[in-house]
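Structural description and commentary
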Amino acid sequence: MQVDGNRQFELLEKIGFVRMSGTAEELKAAHILMDEIRTMGLEPRLEPFEVHYGKINTAKFAVTQPEYREYTVTGYRCAGCTAPGGEEHEFMYLEQYDDVMLQKAKGKFVLINGRMTVDDYKKVYAAGIAGFMTMGGTVIDEVEKTDLDTRTMRDSMREVGVVPAFHIRMTDALEILKSGATKVKIELDTEATTHTSNNVVVEIPGTEHPDEIIDVGAHYDSVEFSSGVWDNGAGSVTIMEMLRFFAENPPKRTLRFIWFGSEELGLLGSHAYVKQYADELDKHLFMINVDVGGSVLGGNMAVCTSDEGLCKYVEYLAKEVGYSTSVRNGIMSSDSTPFADKGIPALNFGRGGRGPGMGFMHTRYDMISLISPQALQVVTEFAVTFADRVVNAVVFPVPRTLPQNIVDQVNKYLNKKPEKKA
Ligand SMILES: [Zn+2]
């Protein structure tokens, strides 16, 4: 069988619509993937899991001093509610998380520039802020050409404590600061909701070692406003083509293909999967993950969440077959991380990272016009070559242990406290 970039591209066009976690559109995409799997004579299954997030009923923000002016904002899902009808607070720009800024922040509603990590949040929460607002986009964005996304206060932040939280366009944030705002009125009403998201799973039993399982995964959900073709419709169609190869070339070890839902809300599909299969994870030797791909102006990437030996193996194999790729040892903010958390090594394939000419992650500009069949095909061919070798190896070559540097990265990423020494 030949890997066919055009076939991949056609499937990518079919699933290239907004498909957010727990929505009817995400389920629709799952069914399109299942229909494609059935064309190979295989029967996939839907594995549902619950996702919890919040509905925003009201999110209002206005500067009240020196002059009244309302701004468009989004509220953070699962953040704290204000008093009904809103609250007025003193306002400040918390430029960075240093002691001077933190001391001034007490009782105030603060504007933050950049990402707020859990550690940052612990600092501002301890400082006694009344609420916070992050900013999105850039200072040159035009309103009609950009979207303001809705953020979620994750459980790791909620555990610290909840305050009202908002997100605003950077152009508006700039205007607010230039206007010398000193007081603001905020109103936020959020409500906890539960939805169902699904992993799509199909298995090809191994002919010689059916009890040794290798997982091949890609997430198929997208964020709001984004058709998510680069991130990660591309990975979804890449593993579909890999499935097609192995359906025709039965592997010695069992291959389990998983299209994960709800990755964008915090790797929820892969977390649900490793939880669901907790009892059999000692049979899972390895994971192959594909996240982002198909970008014409991209470059190929491989991230080895494993011992360094795998990096060399991938480098040598790439040279042998003439495949251009960067190779790095580490973790990815993707579905391979919950597997690594259970001690399962992984190889992540992707294509991107060469500058702004490719997909604009998590925006409406992650577009099919930036994707080509050739760019999909080249990565898929290499992924098939790699998988074909390791899956059929006499002795599985990648040790099922993770070195300490990877364990530390995973724990840091998942916000785990260091284990206490006995
Ligand atoms: Zn992704």
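Given the structure is predicted, the values throughout are model-derived calculations rather than measurements. (Residues numbered from 1 in each chain as written. Predicted model: local features only at pLDDT ≥ 70, side-chain atom pairs only at ≥ 80, totals over all residues. Heavy atoms only, no water.)

1. Thoughts on the domain arrangement of the protein chain
- When the domains of the protein chain are assigned, the result is domain 1 (5-52 + 195-413) and domain 2 (67-181).
- Look at where the C-alpha atoms of domain 1 and domain 2 centre, and you get two points 34 Å apart.
- Facing the eight residues of domain 1 at the interface are ten residues of domain 2.
- The contact between domain 1 and domain 2 buries some 710 Å² in all, and 38% of this surface belongs to carbon and sulfur atoms.
- Run the count over domain 1 and domain 2 and you get one salt bridge.
- Residue R364 pairs with D147 through a salt bridge whose shortest N-O separation is 2.7 Å.
- In this assembly, domain 1 and domain 2 are joined by five residue pairs in polar contact (both at pLDDT 80 or more).
- Residue composition of the side of domain 1 that touches domain 2, grouped by class: four nonpolar, one polar and three charged. (Domains from an automatic or database assignment. Contact = heavy atoms within 4.5 Å. Buried area = accessible area lost by both parts, 1.4 Å probe. Salt bridge = Lys/Arg side-chain N within 4 Å of Asp/Glu carboxyl O. Polar contact = N/O pair within 3.5 Å; in protein donor to acceptor, adjacent residues only side chain to side chain. Nonpolar A, V, L, I, M, F, W, Y, C, P; charged D, E, K, R; others polar.)

2. Quick notes on the coordination of the zinc ion
- Binding of the zinc ion to the protein goes through H219 (NE2), D231 (OD), D291 (OD) and D291 (OD), at separations of 2.0 to 2.7 Å.
- Viewed at the metal, the four donor atoms of the zinc ion are separated by angles of 50 to 143°, and the geometry they form is irregular.
- Each donor residue of the zinc ion belongs to the same chain, and together they define the spacing H-x11-D-x59-D. A residue pair is termed long-range when its members are at least 10 positions apart, and H219 in strand β9 (residues 209-219) and D231 in helix α7 (residues 229-248) qualify at twelve residues.
- D231 gets classed as buried once you look at its relative accessible area, which sits at 4%. (Donors = N, O, S within 2.8 Å, 3.2 Å for Na, K, Ca; no water. Tetrahedral: all angles 85-135°; square planar, octahedral: opposite > 155°, others 65-115°. Helix = DSSP H or I, 4+ residues; strand = E, 2+ residues; numbered from the N terminus. Buried < 20%, exposed > 50% of the residue type's maximum accessible area, 1.4 Å probe, protein only.)

3. Observations concerning the environment of E10
- Its place among the elements puts E10 in helix α1 (residues 5-14).
- The exposure class assigned to E10 is exposed, which follows from its relative accessible area of 52%.
- Considered as a pair, E10 and P373 are 363 residues apart in the sequence and their alpha carbons are 8.8 Å apart.

4. A short note on helix α2 (residues 24-38)
- Compared with an ideal rise of 1.5 Å per residue, which puts 15 residues at 21 Å, α2 spans 21 Å between its outermost C-alpha atoms and is within 8% of the ideal.
- Regarding α2, the residues found buried are E26, A29, A30, I32, L33, M34, E36 and I37.
- Along its buried surface, α2 packs onto α1, β1 (45-65), β8 (183-204), α7 and β10 (253-260). (Expected span 1.5 Å × (residues − 1).)

5. Focus on the nonpolar core
- Of all hydrophobic cores here, the largest spans 61 residues; its most connected members are L243, F257, W259, F286 and F386.
- Of all the elements, α7 adds the most residues to this core, at ten residues.
- With residues up to four places along the chain from it excluded, the contact list for L243 reads I37, M40, L42, V202, I204, F257 and W259.
- Residues M101, F109, I168 and I186 belong to the second largest nonpolar core, which totals 39 residues. (Core = buried A, V, L, I, M, F, W, Y, C linked by side-chain atoms within 4.5 Å.)

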